[in-house]
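Each chain, written out:
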Amino acid sequence: MHRLPAMSAAAATPPCFSAVTSSARQLFSILRCVGFAPRAQVQISTDGIRVSVEDSRVMQGSPHLFFPSLSSCHAFLDRKLFSTYTYHPHLVGEPDIEPTAPTNTSSEDLDATTCFGISLSALLECLQLFGADSARERYAAGAPAGGSIVTSSLNRNLIFDQQTLRINGTCRILYEEKGSPLSIILEESGVTTTCELVTYEVEGLEEIPIARDALAQKIIMKAGWLYDAVEELSGNCPDRLVITASPRQPHFSLSSVGSMGSTMVEFTRTMLETFQVPGQIANTYKFSFVKHAIKAMATASKVSIRGDNVGVLSLQFMIDHEGGTPSFIDFRFLPFEHLSDHSGAEDDDNDSHDVT
C-alpha cells in the first residue's frame, strides 16, 4: 500500500491576494491616469486596490515646511471591477494597518491593508501587452524595468494590433505573500502571458489633507471642459495656474502665467453642474503639477473641484465603466504660497466621493 505524499505548506496555503477581471483595458484606462511617476504604492484591502503616486515630498521632521505645490494622487480600483476578488490579510504576517474589527471577526472582515511599492511604468506596460499604444516599439528593446515577462504562443502581429485591445480577455492579479512579486496573468485568444513585477517595502506616502468642513469652493463640471481649458492654457508655456471662483461673474476661471504671456479661460454658471462658493477665492498652483491630471481629464466624465480655506486643491474624477461601478481618481495639490501649520486639517473623506 502506497502512502500519498503530504501536501507542502506552500501548496496548501492560498495566496494573500487574487483577483480576476474580464478586461485588462479597464484597469489600464484607470492606472494610466496616474502614470506620471515611475513608481507607485499599492494598498490592498477588502474593499479594493488603492494605487498612490506623488510628485514631491513633505520635508521630514518639519510639519510647518512644504515644498511648493506638492502633489499626490490616488486611484481606487473597487473590488466590484473584478469578477472574483479574494484577500487574506492574515497571510502576510503583521498587517500594515492594525485591524479594528473584534477578535471574533473572521480574517476576511478585518480592516487591514497590505502595502508595497511597484514600478508603475512596468505595470502599465504589462496591462497593454495586447495591443495598446505603440507597444510594439516600446517592447523592441525588451521587458520593462522592474519586471519580467514570460510569453507562450505569442503572435506579435496579432498581439500588438490596435484592435486587439478592444477584445475582452482575462486578467488575473496574484500576490502570494509579503516580499513576493506581483503577478499579472493575461489570457486572450489562446495566448497566456505572465508578468512578474518586483515589489519592495515603502514608507507611507504623506497625505495632503483637505478640510471638508472648511471648503471655500466646490464645483462639479464635465471633465472634458476642464481638459479643453488646460490644453488651451498650455500654449504659452506657463509655470503657474491661477484658479479663481466667485459668487459674481465670472463665476469660475482658470488663468495661466508664463514667460510667453498670460491666458484666461472663463466658465459660465450654466456650465457648472454644482457651484458652492460662499465668497471670492483665488489660489496659484504649479501648472506642471496640475497637468499631471490631464489624462484623467480626458478619460473621466465628471470632475469635482474642491478647495479649502488654506488653498489645498482636490480634483476628483469619476470614470464610468460600461455596466459597472464608476472609478474615482483624486489629485491633491498644495498652493504656491507658503503654508503655515497645515497638519491640523483633518482628511475625513478617504472613503467618500463627491462626484455623482
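Residues numbered from 1 in each chain as written. Predicted model: local features only at pLDDT ≥ 70, side-chain atom pairs only at ≥ 80, totals over all residues. Heavy atoms only, no water.

## Structural notes on helix 6 (residues 223–233)
For step 1, the next point in the chain: Every buried residue belonging to helix 6 is among Ala223, Leu226, Ala229, Val230 and Leu233, and all of these are buried. Seen along its axis, helix 6 keeps its buried residues to an arc of 120°; they face one direction. (Buried < 20%, exposed > 50% of the residue type's maximum accessible area, 1.4 Å probe, protein only. Helix = DSSP H or I, 4+ residues; strand = E, 2+ residues; numbered from the N terminus. Arc of directions from axis to C-beta.)

## What to know about the pattern of salt bridges
For step 1, the next point in the chain: All chains considered together, the criterion is met by three salt bridges.
For step 2, the next point in the chain: Note that lysine 302 and glutamate 273 form a salt bridge whose closest N and O atoms lie 3.3 Å from each other. Here lysine 302 is found in strand 17 (residues 302–308), whereas its partner glutamate 273 is found in strand 15 (residues 272–276), with 29 residues between them in sequence.
For step 3, the next point in the chain: Aspartate 330 is the salt-bridge partner of arginine 332, the closest N and O atoms lying 3.0 Å from each other. (Salt bridge = Lys/Arg side-chain N within 4 Å of Asp/Glu carboxyl O.)

## A closer look at the sheet that holds strand 16 (residues 281–286)
For step 1, the next point in the chain: Taken in spatial order, the four strands make up an open sheet running 14-13-12-16, and their pairing is antiparallel. Edge positions in the sheet fall to strand 14 (261–267) and strand 16, since each has one partner strand and no second. Neighbouring strand axes in the sheet, compared pairwise and without regard to direction, differ in orientation by 20° on average.
For step 2, the next point in the chain: In terms of strand pairing, strand 13 (residues 252–258) meets strand 14 through seven bridges, oriented antiparallel. Across the sheet, valine 257 pairs through a bridge with serine 262, a residue of strand 14. (Pairing = 2+ DSSP bridges. Axes fitted to C-alpha atoms, helices over the stretch in contact; angles between N-to-C directions.)

## What to know about the pairing of strand 2 (residues 39–44)
For step 1, the next point in the chain: Burial within strand 2 is extensive, with five of its six residues counted as buried.
For step 2, the next point in the chain: Note that strand 2 and strand 6 (residues 114–119) share six bridges and pair antiparallel. Note that in strand 6 the partner of arginine 39 across the bridge is serine 119.
For step 3, the next point in the chain: The hairpin turn running from strand 2 into strand 3 (residues 48–54), its antiparallel successor, is three residues long.

## Overview of the sheet that holds strand 19 (residues 327–333)
For step 1, the next point in the chain: Pairing in this open sheet of nine strands is antiparallel, and the strands run 6-2-3-4-19-18-17-11-15 from one edge to the other. Every interior strand has two partners, whereas the edge strands, strand 6 and strand 15, have only one. The mean inter-strand angle of the sheet, taken between neighbouring strand axes irrespective of direction, is 15°.
For step 2, the next point in the chain: In the packing of helix 2 (residues 24–31) onto the sheet, contacts are made with strand 3, strand 4 (71–78) and strand 19, and the angle to strand 4 comes to roughly 160°.
For step 3, the next point in the chain: On top of the sheet, helix 6 reaches strand 11 (215–222), strand 17 and strand 18 (313–319); it is set at about 100° to strand 11, its chief contact. (Contact = heavy atoms within 4.5 Å.)

## Considering the pairing of strand 12 (residues 238–245)
Walk down a regular strand and you will see the side chains alternate between the two sheet faces.
For step 1, the next point in the chain: The buried fraction of strand 12 is high, at six of eight residues.
For step 2, the next point in the chain: As paired elements, strand 12 and strand 13 share seven bridges and run antiparallel to each other. Within the sheet, the bridge partner assigned to isoleucine 243 lies in strand 13 and is leucine 254.
For step 3, the next point in the chain: Hairpin connection between strand 12 and strand 13: a loop of six residues separates the two successive antiparallel strands.
For step 4, the next point in the chain: Taken together, the six bridges between strand 12 and strand 16 define a ladder with antiparallel strand orientation. The residue bridging isoleucine 243 from the neighbouring strand is asparagine 283, located in strand 16.

## Examining helix 3 (residues 120–127)
Residues separated by three or four positions in an α-helix point in the same direction, a consequence of the helix having 3.6 residues per turn.
For step 1, the next point in the chain: Taken across its eight residues, helix 3 has seven buried, putting it largely inside the fold.
For step 2, the next point in the chain: Those residues of helix 3 that fall on the buried side of the exposure criterion are Leu120, Ala122, Leu123, Leu124, Glu125, Cys126 and Leu127.

## Structural notes on the packing of aromatic side chains
When we look at a pair of aromatic rings, we describe it by the centre distance and by the angle of the planes.
For step 1, the next point in the chain: Evaluated as defined, the whole model comprises seven aromatic pairs.
For step 2, the next point in the chain: Ring plane angle 70° and centroid distance 5.1 Å describe the contact between phenylalanine 17 and tyrosine 85, whose orientation is recorded as edge-to-face. With phenylalanine 17 in strand 1 (residues 17–21) and tyrosine 85 in strand 5 (residues 84–87), the pair connects residues that are 68 residues apart, well separated along the chain.
For step 3, the next point in the chain: A relative accessible area of 1% places phenylalanine 17 in the buried class.
For step 4, the next point in the chain: Note on tyrosine 85: relative accessible area 9%, which makes it buried.
For step 5, the next point in the chain: Between phenylalanine 317 and phenylalanine 331, the aromatic rings sit 5.9 Å apart at their centres with planes inclined by 90°, giving edge-to-face as the arrangement. On the criterion of sequence distance, the pair formed by phenylalanine 317 in strand 18 and phenylalanine 331 in strand 19 is long-range, its members being 14 residues apart. An identical accessibility class is assigned to phenylalanine 317 and phenylalanine 331; each is buried.
For step 6, the next point in the chain: Put simply, the rings of Phe36, Phe317, Phe331 and Phe333 touch in pairs and so form one group of aromatic residues. (Phe/Tyr/Trp six-rings, centres within 6.5 Å; stacked < 30°, edge-to-face > 60°.)

## Describing the nonpolar core
For step 1, the next point in the chain: Judged by nonpolar contacts, the single largest core of 78 residues is most densely connected at Phe17, Ile184, Phe252, Leu315, Phe317 and Phe331.
For step 2, the next point in the chain: Tallying contributions element by element places helix 3 first for this core, with six residues.
For step 3, the next point in the chain: Excluding its chain neighbours within four sequence positions, the residues that come into contact with phenylalanine 317 are Ala223, Leu226, Ala293, Ala296, Met297, Ala300, Lys302, Val303, Ser327, Phe328, Ile329 and Phe331.
For step 4, the next point in the chain: Leu70, Ile208, Val312 and Leu334 belong to the second largest nonpolar core, which has five residues in total. (Core = buried A, V, L, I, M, F, W, Y, C linked by side-chain atoms within 4.5 Å.)

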